[in-house]
Amino acid sequence: MADTTTKPLPSTLSVGLARTKLEVREFFREKEALIFTFFFPIIFLGIFSAVFGSTDFNGVNAATYFTPGMIASGIFLSSFQSLAISIALERDEGLLKRLRGRPMPPQSYFIGKIGQVLVTSIAQFALLLAIAGLLLGVDIPSEPSKWLHFAWIFILGAASGSVLGIAFSVVPKSGKAASAVITPVVLLLQFMSGVYFVYSSLPGWMRDVASVFPLKWLAQGMRSVFLPDGFQVNEPGGSWQLGTGAIVLTVWLIVGLFLAQRVFRWTRRDAG
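Attention here is on the structure that accompanies the text. (Residues numbered from 1 in each chain as written. Predicted model: local features only at pLDDT ≥ 70, side-chain atom pairs only at ≥ 80, totals over all residues. Heavy atoms only, no water.)

A separate point is the environment of Asp 92. With respect to the helices and strands, the residue Asp 92 is situated in helix α4 (residues 62-92). Here the alpha-carbon distance between Asp 92 and Phe 66, two residues 26 residues apart in the chain, equals 37 Å. In contact with Asp 92, other than residues within four places in its own chain, are Ser 174, Gly 175, Lys 176 and Arg 268. Of note is the side chain of Asp 92, whose polar atom sits 3.2 Å from the side chain of Arg 268. (Helix = DSSP H or I, 4+ residues; strand = E, 2+ residues; numbered from the N terminus. Contact = heavy atoms within 4.5 Å. Polar contact = N/O pair within 3.5 Å; in protein donor to acceptor, adjacent residues only side chain to side chain.)

Now for helix α8 (residues 178-192). Given a rise of 1.5 Å per residue, 15 residues ought to cover 21 Å, and the 22 Å separating the end C-alpha atoms of α8 matches this to within 8%. At its buried positions, α8 is contacted by α4, α7 (144-168), α9 (204-210) and α10 (214-226). Residue Gly 194 follows α8 closely and has a positive phi angle near 80°. (Expected span 1.5 Å × (residues − 1).)

Next up on the list: the pattern of salt bridges. Tallied over the entire structure, the rule returns six salt bridges. Between Lys 113 and Glu 23 there is a salt bridge; the shortest N-O distance is 3.1 Å. Here the residue Lys 113 occupies a position in helix α6 (residues 106-134), and Glu 23 occupies one in helix α1 (residues 12-29), the gap between them amounting to 90 residues. For the pair shown, Lys 113 and Glu 23 are each scored as buried. Between Asp 229 and Lys 146 there is a salt bridge, and its shortest N-O distance comes to 2.9 Å. Separated by 83 residues along the polypeptide, Asp 229 in the loop between α10 and α11 (242-263) and Lys 146 in helix α7 bring together distant segments of the chain. Linked by salt bridges that have partners in common, Arg 19, Glu 23, Glu 90 and Lys 113 make up one network. (Salt bridge = Lys/Arg side-chain N within 4 Å of Asp/Glu carboxyl O. Buried < 20%, exposed > 50% of the residue type's maximum accessible area, 1.4 Å probe, protein only.)

Our next topic: unusual backbone geometry. The backbone of Gln 241 sits at a positive phi, close to 55°, despite the residue not being glycine. For Gln 241, a relative accessible area of 28% puts it in the partly exposed group.

Once that is clear, we can look at a nonpolar patch on the surface. Taken together, the side chains of Phe 39, Ile 43, Ile 47, Val 51, Phe 52 and Leu 127 define a hydrophobic patch exposed on the protein surface, amounting to about 480 Å² of accessible area. It is helix α3 (residues 40-51) that contributes the most residues to the nonpolar patch, three residues altogether. Along the polypeptide, Leu 127 turns up in helix α6. For Leu 127, a relative accessible area of 30% translates into the label partly exposed. (Patch = residues over 30% accessible without salt bridge, like charges linked within 9 Å, V, L, I, M, F, W, Y side chains within 5 Å. Areas by Shrake-Rupley, 256 points an atom, 1.4 Å probe, with all protein chains shown as cover.)

Moving on to the packing of aromatic side chains. Using the criterion set out here, one finds 33 aromatic pairs in the structure. Taken together, a centroid distance of 5.3 Å and an interplanar angle of 50° make the contact between Phe 80 and Phe 168 tilted. One end of the pair, Phe 80, is in helix α4; the other, Phe 168, is in helix α7, with 88 residues separating them in the sequence. For Phe 168, a relative accessible area of 22% gives the class partly exposed. Taking 5.5 Å as the distance between ring centres and 75° as the angle between the ring planes, the aromatic pair formed by Trp 147 and Phe 150 counts as edge-to-face. Taken together, the residues Trp 147 and Phe 150, both in helix α7 and three residues apart, mark about one turn of the helix. Since its relative accessible area comes to 10%, Phe 150 is described here as buried. Three or more aromatic residues joined by ring pairs make a cluster, and in this case those are Phe 40, Phe 44, Phe 48, Phe 52, Phe 57, Tyr 65, Phe 66, Phe 191, Tyr 196, Phe 197, Phe 231 and Trp 240. For Arg 91, the ring lying beneath its charged end belongs to Phe 264, and the centroid distance is 5.3 Å. Its guanidinium or amino end placed over the ring of Trp 217, Lys 216 lies 3.4 Å from that ring's centre, counting from NZ or CZ. (Phe/Tyr/Trp six-rings, centres within 6.5 Å; stacked < 30°, edge-to-face > 60°. Lys NZ or Arg CZ within 6 Å of the ring centre and 35° of its normal.)

All right, on to the environment of Gln 190 then. When you line up the elements, Gln 190 lands in helix α8. Given a relative accessible area of 1%, Gln 190 falls into the buried group. The sequence separation of Gln 190 and Phe 258 amounts to 68 residues, and the corresponding C-alpha distance is 24 Å. Those residues in contact with Gln 190 that sit more than four places away from it in its chain are Ser 73, Leu 77, Val 195, Tyr 196 and Leu 215.

By size, the foremost hydrophobic cluster in this structure holds 71 residues, and its most contacted members are Tyr 65, Ile 71, Tyr 109, Phe 150, Met 222 and Phe 226. With 16 residues, α4 is the single largest residue contributor to this core. Excluding its chain neighbours within four sequence positions, the residues that come into contact with Ile 71 are Phe 125, Leu 128, Leu 129, Phe 150, Met 222 and Phe 226. (Core = buried A, V, L, I, M, F, W, Y, C linked by side-chain atoms within 4.5 Å.)

Here it is in structure tokens:
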């Protein structure tokens, strides 16, 4: 008698984890992604530490001051920029259309993308922190409360950046134009959010604009973790404003989820 039993189909999560492994391998094979996403914050931290090595930033040295901003920038690059560009390219090349036509649950695709963000962001953070601590003399916090703050700031920042990147991937008209459209947006936010400058020294109007977007709060949250507690008096509000930061990042996470569900496309615009 023939065996009529069938194996159960793999779950959405298991397929998503398999996609994560694939996405991570493909990410580290792309030289452009490695340079402009993974190593970019690490390279800039080294440059700023060398250029401003003898400068006092309100009581801390250059390497210490710029480390939190580079961590925040790395999270934003690995989530928002990386996903927006890669998804736009995959849509333009027809990969998304082919994936949509397969029996793979659509949710597994997004699990794979977000999983790749988490893996690459954690790897990038570990390498940056090792270089900052071992080579640049940055004091690594040891208080558990600091690392608890880091955990929720990291999760909210990566999550909001990921969903916004998925939504923003529909903006470029083609995959070839993705980098040209998305990279300037990220650079502008980095300059306005205190990643490359002392945030309190920026013009008031620029700080007001930056405070609307998540990167400013991600960078400020990271400063609360890696800078001395007394440094918060140098912030425009005189404190780390972690509660406000959590609210803003959560709002952007919700907005990003809503937009991603409404605007995401599996095919090119000209495909109908």
